[in-house]
Amino acid sequence: MELKVLGQASGDLPVSKGCSAGSCGSTDDQLSQLPDSIREKVFNHPCYSEDAHHYFARMHVAVAPACNIQCHYCNRKYDCANESRPGVVSELLTPTQAVKKVKAVAASIPQMTVLGIAGPGDPLANPDRTFTTFRQLSEEAPDIKLCVSTNGLALPDSVDELAKHNIDHVTITINCVDPEVGAKIYPWIFWNNRRVRGIEAAKILIDQQQKGLEMLVARGILVKVNSVLIPGVNDKHLEEVSKVVKRKGAFLHNVMPLIAEAEHGTFFGVMGQRSPAPAELQALQDACAGDMNMMRHCRQCRADAVGLLGEDRGDEFTMDKIEAMEIDYAAAMNKRALVHAAIKEELDAKRQASATARNPGIPAHYRPVLMGVATSGGGLINQHFGHAREFLVYEASPSGVRFIGHRKADQYCSGNTTCGETESALATNIRALQGCEVVLCSKIGYEPWGQLEEAGIQPNGEHAMEPIEDAVLAVYREMIAAGSLDETASERALA
Amino acid sequence: MAVEIIEGCVNCWACEPLCPNQAIFASAPHFLVDENKCTECAGDFDDPQCATICPIEGVIIDDLGIPFNPPGSLTGIPPERMAEAMAEIQAR
């Protein structure tokens, strides 16, 4: 039986138009700069495009508990059910359980295209569990893309095995290329039967990461690099990291903000290391973007996340529920192929429909404007302000509309009394929208309207159900027509 | 001469494959060490391998009950700072 699976037949892929037509919810500097051969591989990967993630889902299976290093942003004790961040997990699975879970999810959520092993430790520090899972999945569920993320320490020893499976993406977390910086991030590594500390440890880790990156690229396996932005530790240094990894052939760089709260029990959290402000993250991403394809919509999900990015349906697929499910995977693959084809058709149609956002024909002297958007998916402005769990941030400028990133509207912990809610949800949301001059939503209440205006953010509910980029561009044109953008940046700062 | 794994172990499996004597085994609520098999890695390695990769302070102890990884030795967080931070969180 031959199944037509997206991403394998190159003839029917939207290569030439692709995301460069501008409707990917994104971005010149995301997928559209990639060579066609790479874009073919990643266009239905929810983690790689703001647009695809509204249509395609991913899941992680937590089969890899052991780790071979310690990072100052990680606490190996943590498994809070209300937490949503990397390294956190509720239920550890054996490879057999993991394979069963993946097939159950793929059958129930046909939009699921990608399976990742991301922890909760380091997947390559658990080679038997990780590779047994991959081996079984490439045999039993060949329509699922496999990916793995690693700290890189054991990567050079794993490249041969990785190349054997259906794995075309590896993510390496590289926070530095300078051991002096590394010593401030990694207190120790386990190496050659010893616990190695300090600069010596950082140097070994960096050497292994770089060697692994080069080996993967030489094998034609796509490499994405993740970096955690830690203000005062590696913020300046990450531009250098971006240059180095690009030169060596990484195809995408994902700079993520440090998550550090004392209640997480991490070194950075307890020692009061601050997380970066959204503007700092954006400035660094923009600075790196000249050299490198940057990723801007990472939701930093858990090591056992299931579903679309930003949502987690893991509770529907606990092992006791999966044991009770009967799965006919051959039938599921047929259904999945149909669903994927329908999604592709919809994405293609959308791409053709909104090419206008790319070259709007606006005089070049107008300054760019940031706008927040409340959306529940589908590329539309379709969410009530008060229901938004996050805001997408777009920049409108004379060169068009581009996706900048997302801002969490509620904090990582919600509703748990031990986590202490210190400010109201509305205040949190206004802070999340810092730097935006407009917020677009389907509806908004009277009270938040007033408070947003006071904070210098104009609420706008007039573009409900419209495509995001068209609406952002329309509002930008309205601002120009109203004369709001006539003042220069310095005049605005003085005002 | 044998190490012991005590309460606080997070069952991360890191130690289990490293033991040259296969003395470590999964159990509930946490991993355990067979004291008849454990040699503290004498003759095989300079340091007991389990305690060398273990990420959790205080959970692997020697015959005298002394932890191989005392508080602060792995995270780098001074114990008094950790106590302060926990007190601040409790007081919220």
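Residues numbered from 1 in each chain as written. Chains lettered and ligands numbered in written order. Predicted model: local features only at pLDDT ≥ 70, side-chain atom pairs only at ≥ 80, totals over all residues. Heavy atoms only, no water.

## Considering empty space enclosed by the protein
Residues and elements named next belong to chain B. For clarity, the cut-off: Cavity: a set of points on a 1 Å grid over the protein atoms alone where a 1.4 Å probe fits but cannot get out. Pocket: an open set with protein on both sides within 12 Å along at least five of seven lines, its lining residues, like those of a cavity, having an atom within 4 Å of a point. Grid points are joined across faces, edges and corners, and a volume is the space filled by probe spheres set on the points. For this scheme, ten residues count as nonpolar: Ala, Val, Leu, Ile, Met, Phe, Trp, Tyr, Cys and Pro. Four count as charged, namely Asp, Glu, Lys and Arg, and the remainder, Gly too, count as polar.
All told, the structure shown has 5 cavities of 30 Å³ or more when counted by the stated rule. When its volume is computed, the second largest cavity comes out at roughly 130 Å³. For the second largest cavity, the lining is made up of 15 residues, of which Cys9, Cys12, Cys15, Cys54 and Pro55 are closest to its centre. Looking at the lining of the second largest cavity residue by residue, the class counts come to 14 nonpolar, 1 polar and no charged.

## Topic: the pattern of salt bridges
Residues and elements named next belong to chain A. Which entries qualify depends on this criterion: By salt bridge we mean one thing: a side-chain nitrogen of Lys or Arg within 4 Å of a carboxyl oxygen of Asp or Glu. Here a helix means four or more residues in a row that DSSP labels H or I, a strand means two or more in a row labelled E, and each is numbered from the N terminus. Only protein chains enter the accessibility calculation, which uses a 1.4 Å probe; a residue whose area is less than 20% of its type maximum is buried, one above 50% is exposed, and one in between is partly exposed.
Enumeration over the complete set of coordinates arrives at 16 salt bridges over all chains. The shortest N-O distance in the salt bridge between Arg402 and Asp286 comes to 3.4 Å. Placement of the pair is Arg402 in strand β13 (residues 400-408) and Asp286 in helix α9 (residues 278-289), with a sequence separation of 116 residues. Given the relative accessible area of 18%, Arg402 is considered buried. You can call Asp286 partly exposed: its relative accessible area is 28%. For Arg313, the salt bridge is made with Glu316, and the minimal N-O distance between the two is 3.0 Å. Judged by relative accessible area, Arg313 falls into the partly exposed class, the value being 27%. Looking at Glu316, the relative accessible area reads 35%, which means it is partly exposed. Salt bridges sharing partners connect three or more residues here, namely Arg135, Glu161 and Lys164.

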